[in-house]
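# Breakdown of the fold
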Amino acid sequence: MSDRLYTVLLYSDDPQVRDRMRLAVGPRPASDLRVEFLDASSYAECLRHVDDYEIDLLLLDGEATPAGGIGIARQIRDERSDTPPVCVVIARAADKWLAAFAEVDATLVHPLDPVTTGQTVARLLRSGAKGGTVATA
């Protein structure tokens, strides 16, 4: 059986939030998708990972400080033509308009529901800009 291995960048200044995002996505958001995670805890680290690695999905914490995921999403969209799909996790559904302004592909709301999170991640990876690397299980 062959399935796809995708790299998901998790960004938050809070390691517990990154852990919750990782748990909500899980190693297999769908039966045909496998993910590996790359963590970023700062704005600079997030941008460096986007430049240095083949990222298939950005999962950004909209509540991170001092640089929030919405601002990072907007900057990456403005500066790059090859941006992977972007999903921002927000604390208030009312902030969806900010995420729309940042041109994100999807939003999720804290606390993360594993079913909704997995479905959203799977949809973004399947429709994603680049696709993952083929791995055999």
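For clarity, every value in this text was computed on a predicted model and none was experimentally measured.

## Side note on the environment of Arg123
Along the chain, the position of Arg123 falls in helix α5 (residues 114-127). Since its relative accessible area comes to 44%, Arg123 is described here as partly exposed. Sequence separation of Arg123 and Glu45 is 78 residues, and the distance between their C-alpha atoms is 26 Å.

## A short note on the pattern of salt bridges
Scanning all chains against the criterion turns up 11 salt bridges. With a shortest N-O distance of 3.4 Å, Asp19 and Arg22 are connected by a salt bridge. Note that Asp19 and Arg22 are positioned in helix α1 (residues 15-25) at a spacing of 3 residues, about one turn of the helix. For Asp82, the salt bridge identified is with Arg80, shortest N-O distance 3.2 Å. Residue classification places Asp82 among the partly exposed positions, given a relative accessible area of 45%.

## Regarding the UniProt feature "domain: Response regulatory" (unreviewed entry) in the protein
Feature annotation in UniProt places "domain: Response regulatory" (unreviewed entry) on residues 7-125, given in this structure's numbering. Across residues 7-125 one finds 42% helix and 23% strand; the C-alpha atoms that close the span lie 10 Å apart.

## Quick look at the UniProt feature "modified residue: 4-aspartylphosphate" (unreviewed entry) in the protein
UniProt annotation of "modified residue: 4-aspartylphosphate" (unreviewed entry) refers to Asp61 when read in the numbering used here. Within the secondary structure, Asp61 is located in strand β3 (residues 57-61). With residues near it in sequence (within four places) discarded, Asp61 still touches Tyr11, Ser12, Asp13, Val17, Gly68, Gly69, Val89 and His110.

## A few points about unusual backbone geometry
Note that the residue after Thr65, namely Pro66, is joined by a cis bond; omega there is 0 degrees. Structurally, Pro66 can be placed in the loop between β3 and α3 (69-79). With omega at -10 degrees, the peptide bond leading from His110 into Pro111 counts as cis. Take Pro111: it is sitting in the loop between β5 (106-109) and α5. Positioned with a positive phi, Glu103 is a non-glycine residue whose angle comes to about 65 degrees. Position of Glu103 relative to the elements: it lies in the loop between α4 (96-101) and β5. Glu103 gets classed as partly exposed once you look at its relative accessible area, which sits at 42%.

Conventions we followed
All residue numbers here refer to positions counted from 1 along the written sequence of the relevant chain. Per-residue local features of the predicted model are confined to residues with pLDDT of at least 70, and side-chain atom pairs are confined, for both listing and counting, to 80 or more; whole-chain, interface and lining totals are unaffected and use all residues. Note that the side-chain values use all heavy atoms of the structure and ignore hydrogens as well as water. Labels follow the DSSP assignment, with helices taken as runs of H or I lasting at least four residues and strands as runs of E lasting at least two, numbered in each case from the N terminus. When accessible area is computed with a 1.4 Å probe and restricted to protein chains, residues below 20% of their type maximum are described as buried, those above 50% as exposed, and intermediate ones as partly exposed. Should a side-chain nitrogen of Lys or Arg be within 4 Å of a carboxyl oxygen of Asp or Glu, the pair is scored as a salt bridge. UniProt positions are given in the numbering used here, feature names are shortened, and annotations may be inferred rather than shown by experiment. Contacts are residue-level and defined by heavy atoms, with any inter-residue pair within 4.5 Å sufficient.

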